[in-house]
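What follows is the residue order along each chain.
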Amino acid sequence: MKHQATPYFTFNGNAREALDYYKQVFHGEIINLQTFGEADFETPKEMDERVMHAQFKKDTLFFMVSDSFTDQSVQTGSNIALVLECESAEEIQTYYDRLKDGGNVVMELQDTFWGATYAKVKDPYGITWDLNYTKEQ
């Protein structure tokens, strides 16, 4: 394999809103955003403004997103979480504060038995983020 698996999030028509949220949280950039209306194939008119494909990048954090078709509903689940390995106590605190604003804290930011500071937050779009900062020994 060439790279690590890339997360791909599918939304129910609010992908652009989710991307803006992630931009605020991680201070990254939205790249290669294309709507269904801009694509070179026919789709129903109500799909024109939905995101067909977009990418989000912040340093080594990278994922892709799209909206579902209007006749296909996406159900958020609890079978996946994305782990962010933070580089400092300040960084984990920053992401925790941003994600919990509008999100749902599953596990408060705290010191753990494995020598790390850790938190788990589900964002407003159903994505669970595990934040981990391993302290220097």
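Here the structure is shown first, and the text comes after it.
In what follows, the accompanying structure is described. For clarity, every value in this text was computed on a predicted model and none was experimentally measured. (Residues numbered from 1 in each chain as written. Predicted model: local features only at pLDDT ≥ 70, side-chain atom pairs only at ≥ 80, totals over all residues. Heavy atoms only, no water.)

## As for the overall build of the protein
Argument step 1. In terms of regular secondary structure, the protein is built from two helices and eight strands.
Argument step 2. Of the regular secondary structure in the protein, the N- to C-terminal order runs β-α-β-β-β-β-α-β-β-β.
Argument step 3. Viewed in the frame of its principal axes, the protein has a C-alpha envelope of about 55 × 30 × 30 Å.
Argument step 4. Across the 137 residues of the protein, 37% fall into the buried class.
Argument step 5. In the protein, the proportion of contacts linking residues at least 24 apart, taken out of those at least 6 apart, comes to 52%.
Argument step 6. Total accessible area computed for the protein in this model is approximately 8600 Å², and 47% of it derives from carbon and sulfur atoms. (Helix = DSSP H or I, 4+ residues; strand = E, 2+ residues; numbered from the N terminus. Buried < 20%, exposed > 50% of the residue type's maximum accessible area, 1.4 Å probe, protein only. Contact = heavy atoms within 4.5 Å. Areas by Shrake-Rupley, 256 points an atom, 1.4 Å probe, with all protein chains shown as cover.)

## Structural notes on helix H1 (residues 15–26)
Argument step 1. When the terminal C-alpha atoms of H1 are compared, their 16 Å separation across twelve residues agrees well with the 16 Å that a helix rising 1.5 Å per residue should span.
Argument step 2. His27 sits one or two residues past H1 and shows a positive phi near 55°. (Expected span 1.5 Å × (residues − 1).)

## Quick notes on the sheet that holds strand S3 (residues 51–58)
Argument step 1. Pairing in this open sheet of four strands is mixed, and the strands run S1-S4-S3-S2 from one edge to the other. Either end of the sheet is taken by a strand with one partner, and the two such strands are strand S1 (8–11) and strand S2 (29–35). Strand-to-strand twist of the sheet, defined as the mean angle between neighbouring strand axes without regard to direction, takes the value 20°.
Argument step 2. Taken together, the five bridges between S2 and S3 define a ladder with antiparallel strand orientation. Bridged to Thr35 within S3 is Val51. (Pairing = 2+ DSSP bridges. Axes fitted to C-alpha atoms, helices over the stretch in contact; angles between N-to-C directions.)

## Quick notes on the pattern of salt bridges
Argument step 1. Evaluated as defined, the whole model comprises four salt bridges.
Argument step 2. The residue Lys135 makes a salt bridge to Asp111 at a minimum N-O spacing of 2.5 Å. Here Asp111 lies in strand S6 (residues 104–111) and Lys135 lies in the segment after strand S8 (128–134), a separation of 24 residues in the sequence.
Argument step 3. By relative accessible area, which is 31% here, Lys135 ends up partly exposed.
Argument step 4. A salt bridge links Asp130 to Lys120, with the shortest nitrogen-to-oxygen separation between them at 2.8 Å. Here Asp130, found in strand S8, pairs with Lys120, found in strand S7 (residues 116–122); they are ten residues apart in sequence, far enough to count as distant. (Salt bridge = Lys/Arg side-chain N within 4 Å of Asp/Glu carboxyl O.)

## Notes on the pairing of S7
Argument step 1. Of all the seven residues making up S7, five are buried; the element is thus mostly covered by neighbouring parts of the structure.
Argument step 2. Two successive antiparallel strands, S6 and S7, enclose a turn made up of four residues, where Gly115 displays a positive phi of approximately 80°.
Argument step 3. Across seven bridges, the pairing between S7 and S8 is antiparallel. Counterpart to Lys120 in the pairing with S8 is Asp130.

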